[in-house]
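Structural features, examined
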Amino acid sequence: MYPSSSPTPRLFKANPIRGSSRKPFTRISCSSDSSPAKATTSSKNRRPAEENIREEAARRDHANPSNGHGLSAWYVPFGAQEDGEERYSLDEIVYRSQSGGLLDVRHDLSALKKFPGSYWRSLFDSRVGHTTWPYGSGVWSKKEWVLPEIDGEDIVSLFEGNSNLFWAERFGKDYLGMNDLWVKHCGISHTGSFKDLGMTVLVSQVNRLRRRLKRPIVGVGCASTGDTSAALSAYCAAARIPAIVFLPADRISVAQLVQPIANGATVLSLDTDFDGCMRLIREVTAEFPIYLANSLNSLRLEGQKTAAIEILQQFDWEVPDWVVVPGGNLGNIYAFYKGFEMCRDLGLVDRVPRLVCAQAANANPLYLYYKAGWTGFQPITASPTFASAIQIGDPVSIDRAVFAIRSTDGIVEEATEEELMDAMAQADRTGMFACPHTGVALAALIKLRDSGVIGPHDRTVVVSTAHGLKFTQAKVDYHSKEIVDMTCRYANPPVNVKADFGSVMDTLKKKLAGML
Ligand SMILES: Cc1ncc(COP(=O)(O)O)c(C=O)c1O
Ligand SMILES: N[C@@H](CCOP(=O)(O)O)C(=O)O
C-alpha cells in the first residue's frame, strides 16, 4: 500500500512501436590474459564461424591454464582476524558463521599484492568497451577481484555494469550550488537496478555448483522488494536454473512484479512485509535445497562492489570526496566500502571517499542507530514509503553497514516522504528520470549541503539504484497532486485543452508568458 489513495490518472498514453532499425557493427576483440590488452577492430582476429564467444574464451584459457595470477578467495566470518581458523570454500553452501554471524568473502591479498596498483588499473582499463567473454561485463572485467577461480564456461553474464557516471550539471547548479556533482546510474542496467551486479556472481557460482560439481540444488530463491527478484529471475532464466521469489503482496510496483513473471520464475505473493518474506525464505532454504540469493549471501556483494571500482576508474582513478548510497537491507553500502577499500589497499588509489547512507524516514533503523551513537540497535516495523524497495525494518547487513560508515568517517541521513518525492521531481526537472530511492539519496544530499557538511566544490557521487521507469506510479501520483498531506511543489500535470487553434494559442501564451 502506498501512502496515497490515487486511482491511476490518465497522464500518459503508450506509443505504438514502429519497428527497429538494425545497424551493422564492428566486432572488437580484446586479449584477456594477464597482460593489459591491446584492442583491435581488425576482422583478422575473428574466431572460427562455428565457435561462440564462450567457447573462444575456453580455448584461450586452456592454452593459458595458469590464468596468470594464482589467486583465490574463500568465506570467513565477517570481521574475522587475518589468522582466524574458521573459513569455508566458496564451493560450500554456507550463509552464516558458526556463531550465526554474517560471512564475508576474503581474497588472498598477498597474492593480489604481487602486482602493483598500476598493473590492476591498466588491466581493468584495457577491458572496458570490448565484448570478449566474460570481460565485456563491468563485473567480470574485474574477475580476479571477484571470483578469481571460476571458469569462464560457468559464468552467467548479461554484460552488466559499465554503467553511466554522469555530471549532474544542472541539478548541482540549480538546487545545490555545486559544480562537481555526479550520478552513477546503476539502475540503467539489464533488469533496471544495481542488483544485476551481484546476481551475475551468485548465479554463476550456482551454475558452477550444479553443472560442474553436480550439487543437488533445485533452484535459487530470494525474498524481495522487487529488484532482487527481477535480477534473480533474469539471470536464472538465462542459465536455465529455476528461480523462486517471495514477494510482499501489494508492496512492490507493477513493473517489478511483472519482471519475474515474464522470466518464468515461481512467484509467491505473500501476505506479509519484506522482513516477513526474508524470515520465510531463510527457513525454507535451511530445509530445502534452494540456494539463497539475498545479500545475506556474501557472494552478491563481490559483484556489487565493482560499482565502486568503476567510479574510480571513470574518474581516472581519482577519489571523490563523498558517495551517497540509499540503504535498505544494507548490503550495498558495505559493497561500496569494500570496493573502495580494496582499491586503496592494493595501491590503485591512496584514500577512500566518505560514505553517506540515506534512508527513508519511514524505514530508518540504521539512521536511528547512528543517532543513538551506535548503541542498542533495534529493528523496526517499516512503514509504507514511495521508496518501496527500501521498506525494510530489520536489515540483514546491519553490522556490515555500521562497519562501512564508521570506517569511512561516514554519515547516515534520512528523508521524509515529501523530501524524497520533491528531490526526485527536482532531479527529473533537470533531465533525469530518477526512482524514489535515488530521491532519498538526493534529499539526503540537499540536507547535507544545507547544513554545510558537504561543500560546494566537493566531488560528490550519488548512486542511483534503480530505473525511474520501474516506479512510474509514484511519479503519476506526484504529478497528479493526489498524495495525502503532500504539497507536490514540483508537480507538472498535463493541461487539458480544447482541440482548436485559439484555445491552444491562449494556453501557450499564458504558460510561456515572460519566457521570451
Ligand atoms: C532500488 C533500490 N535502492 C536501494 C536499495 C537498498 O540496497 P541495500 O538493500 O543493499 O541497502 C534497494 C534494495 O534494498 C533497491 O532495490
Ligand atoms: N531491495 C531489495 C531488498 C532485498 O535486498 P537484498 O540485497 O538482500 O537481496 C530487493 O529488491 O529485493
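Residues numbered from 1 in each chain as written. Chains lettered and ligands numbered in written order. Predicted model: local features only at pLDDT ≥ 70, side-chain atom pairs only at ≥ 80, totals over all residues. Heavy atoms only, no water.

- Naming follows an unreviewed UniProt entry, where the protein appears as threonine synthase of Dioscorea cayennensis subsp. rotundata.
- What UniProt records for the protein under Sequence similarities (unreviewed entry) is the sentence "Belongs to the threonine synthase family." (UniProt positions renumbered as here; feature names shortened; annotations may be inferred.)

1. Observations regarding the packing of aromatic side chains
- Applying the stated criterion to the full structure yields 19 aromatic pairs.
- Judged by centre distance (5.3 Å) and plane angle (85 degrees), the ring pair of F78 and Y334 falls under edge-to-face. You can see F78 sitting in the loop between strand 3 (73-77) and strand 4 (88-89) and its partner Y334 sitting in helix 12 (residues 331-345), a full 256 residues away along the chain.
- We classify Y334 as buried; its relative accessible area is 4%.
- For the pair F336 and F340, a centre-to-centre distance of 6.2 Å together with 40 degrees between the ring planes defines the contact as tilted. Here F340 and F336 lie together in helix 12, a separation of four residues that amounts to about one turn. Of the two residues, F336 and F340, neither departs from the other in class, the shared state being buried.
- In this structure an aromatic cluster arises from ring pairing among F115, Y119, W120, F124 and W145.
- Positioned above the aromatic ring of F433, the side-chain terminus of K475 is 4.4 Å from the ring centre. (Phe/Tyr/Trp six-rings, centres within 6.5 Å; stacked < 30°, edge-to-face > 60°. Helix = DSSP H or I, 4+ residues; strand = E, 2+ residues; numbered from the N terminus. Buried < 20%, exposed > 50% of the residue type's maximum accessible area, 1.4 Å probe, protein only. Lys NZ or Arg CZ within 6 Å of the ring centre and 35° of its normal.)

2. Considerations on the sheet that holds strand 13 (residues 354-360)
- Pairing is mixed across the open sheet formed by six strands, whose spatial order is 6-7-15-12-13-14. Of all strands in the sheet, those bounded by a partner on one side alone are strand 6 (165-167) and strand 14 (411-415). The sheet shows a mean angle of 25 degrees between the axes of neighbouring strands, direction not considered.
- Where strand 13 lies against strand 14, five bridges are found, and the strand directions are parallel. Bridged to Q359 within strand 14 is E414. (Pairing = 2+ DSSP bridges. Axes fitted to C-alpha atoms, helices over the stretch in contact; angles between N-to-C directions.)

3. Considerations on helix 14 (residues 398-407)
- Among the residues of helix 14, I398, R400, A401, V402, A404 and I405 are the ones counted as buried.
- Where helix 14 ends, the next residue or the one after it, D409, has phi of about 50 degrees, a positive value.

4. Concerning the UniProt feature "modified residue: N6-(pyridoxal phosphate)lysine" (unreviewed entry) in the protein
- When the UniProt feature table is mapped onto this chain numbering, "modified residue: N6-(pyridoxal phosphate)lysine" (unreviewed entry) sits at K195.
- Within the fold, K195 resides in helix 6 (residues 195-212).
- When neighbours within four sequence positions are excluded, K195 is seen to be in contact with D227, T228, A231 and R300. (Contact = heavy atoms within 4.5 Å.)

5. Digging into a nonpolar patch on the surface
- On the surface, V495, V497, V504, L508, L512 and M515 cluster together into a nonpolar patch covering about 530 Å² of accessible area.
- Within the element layout of this structure, V497 appears in the loop between helix 17 (472-479) and helix 18 (501-512). (Patch = residues over 30% accessible without salt bridge, like charges linked within 9 Å, V, L, I, M, F, W, Y side chains within 5 Å. Areas by Shrake-Rupley, 256 points an atom, 1.4 Å probe, with all protein chains shown as cover. Salt bridge = Lys/Arg side-chain N within 4 Å of Asp/Glu carboxyl O.)

6. Digging into the nonpolar core
- Residues W120, W145, V203, L232 and Y291 are the most contacted members of the largest nonpolar core, which totals 107 residues.
- Of all the elements, helix 12 adds the most residues to this core, at eight residues.
- Contacts of W120, omitting those with residues within four sequence positions, involve H69, L71, L112, F115, E144, W145 and L348.
- With 41 residues, the next largest nonpolar core counts A423, A427, V462 and Y490 among its residues. (Core = buried A, V, L, I, M, F, W, Y, C linked by side-chain atoms within 4.5 Å.)

7. Details of the site of ligand 1
- Close contacts around ligand 1 come from 15 residues, with D227, G328, N329, L330 and T465 the closest.
- At 3.4 Å, a backbone N or O of A389 approaches an oxygen atom of ligand 1.
- Considered on its own, ligand 1 offers 370 Å² of accessible surface; in the complex 98% of this is hidden by protein.
- Across the shell around ligand 1, the residue classes tally to six nonpolar, seven polar and two charged. (Near = heavy atom within 4 Å. Polar contact = N/O pair within 3.5 Å; in protein donor to acceptor, adjacent residues only side chain to side chain. Nonpolar A, V, L, I, M, F, W, Y, C, P; charged D, E, K, R; others polar.)

8. Some remarks on the pattern of salt bridges
- According to the stated counting rule, one finds 23 salt bridges in the structure shown.
- D91 is the partner of R208 in a salt bridge, and the nearest nitrogen-oxygen pair spans 2.8 Å. Highlighted residues: R208 in helix 6 and D91 in the loop between strand 4 and strand 5 (103-107), separated in sequence by 117 residues. Just as R208 is buried, D91 falls in that class too.
- With its nearest N and O atoms 3.5 Å apart, the salt bridge here joins R489 to D422.

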